[in-house]
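Chain by chain, the residues run as shown.
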Amino acid sequence: MQLLDYLIETSDRCIRIAKHGHDLVDQLDAAIGPETKEPFSQVSANGRELADELQTIGQELLAKAVELDTERQKNNPGTFAK
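Residues numbered from 1 in each chain as written. Predicted model: local features only at pLDDT ≥ 70, side-chain atom pairs only at ≥ 80, totals over all residues. Heavy atoms only, no water.

Q: Explain the pattern of salt bridges to me, using residue names and the numbers behind them.
A: Applying the stated rule across the entire model yields 5 salt bridges. R48 serves as the salt-bridge partner of D29, at 3.0 Å between the closest nitrogen and oxygen. In this pair, D29 is assigned in helix α1 (residues 3-32) and R48 in helix α2 (residues 40-75), connecting sequence segments 19 residues apart. Note on D29: relative accessible area 27%, which makes it partly exposed. For the salt bridge of R72 with D69, the shortest nitrogen-to-oxygen distance reads 2.6 Å. Pair noted here: R72 and D69 are both in helix α2, with a separation of 3 residues, about one helical turn. Overall, the relative accessible area of 23% leaves R72 in the partly exposed class. (Salt bridge = Lys/Arg side-chain N within 4 Å of Asp/Glu carboxyl O. Helix = DSSP H or I, 4+ residues; strand = E, 2+ residues; numbered from the N terminus. Buried < 20%, exposed > 50% of the residue type's maximum accessible area, 1.4 Å probe, protein only.)

Encoded structure:
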């Protein structure tokens, strides 16, 4: 597997997992209701923070893949990515 493919696939996985994490937090929030109930509200906040961080990592990996591909194209103008 090429580095660009690895970065893109790992980015996709991170973003998918983050979306699933956000969905789980939304379900938890719906289950505990609008009133703050410790420790569930803290679990919800921490889960959202983790999902956000994972999504950021996924976006950073994708940005690195784009950066590397752009550099490769600049250095080899006659070739195209597979």
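Q: So what's going on with the side chain of S44? Residues and values would help.
A: Locating S44 in the fold gives a position in helix α2. Once residues within four sequence positions are removed from consideration, S44 is found in contact with V25, L28 and D29. (Contact = heavy atoms within 4.5 Å.)

Q: Any details on the environment of I17? Residues and values, ideally.
A: Residue position: I17 is located in helix α1. Here the alpha-carbon distance between I17 and G58, two residues 41 residues apart in the chain, equals 9.6 Å.

Q: Lay out the packing of α1 against α2 in plain terms, naming residues and giving numbers.
A: Between α1 and α2, the shortest axis-to-axis distance is 8 Å and the interhelical angle comes to 160 degrees. Relative to α2, α1 is oriented roughly antiparallel. The element α1 and its partner α2 pack so that their crossing is left-handed. A breakdown of the residues in the contact of α1 with α2 according to their chemical character gives 20 nonpolar, 10 polar and 7 charged. (Axes fitted to C-alpha atoms, helices over the stretch in contact; angles between N-to-C directions. Parallel < 35°, antiparallel > 145°, perpendicular 65-115°, else oblique. Left-handed = near helix turned anticlockwise from the far one by under 90°. Nonpolar A, V, L, I, M, F, W, Y, C, P; charged D, E, K, R; others polar.)

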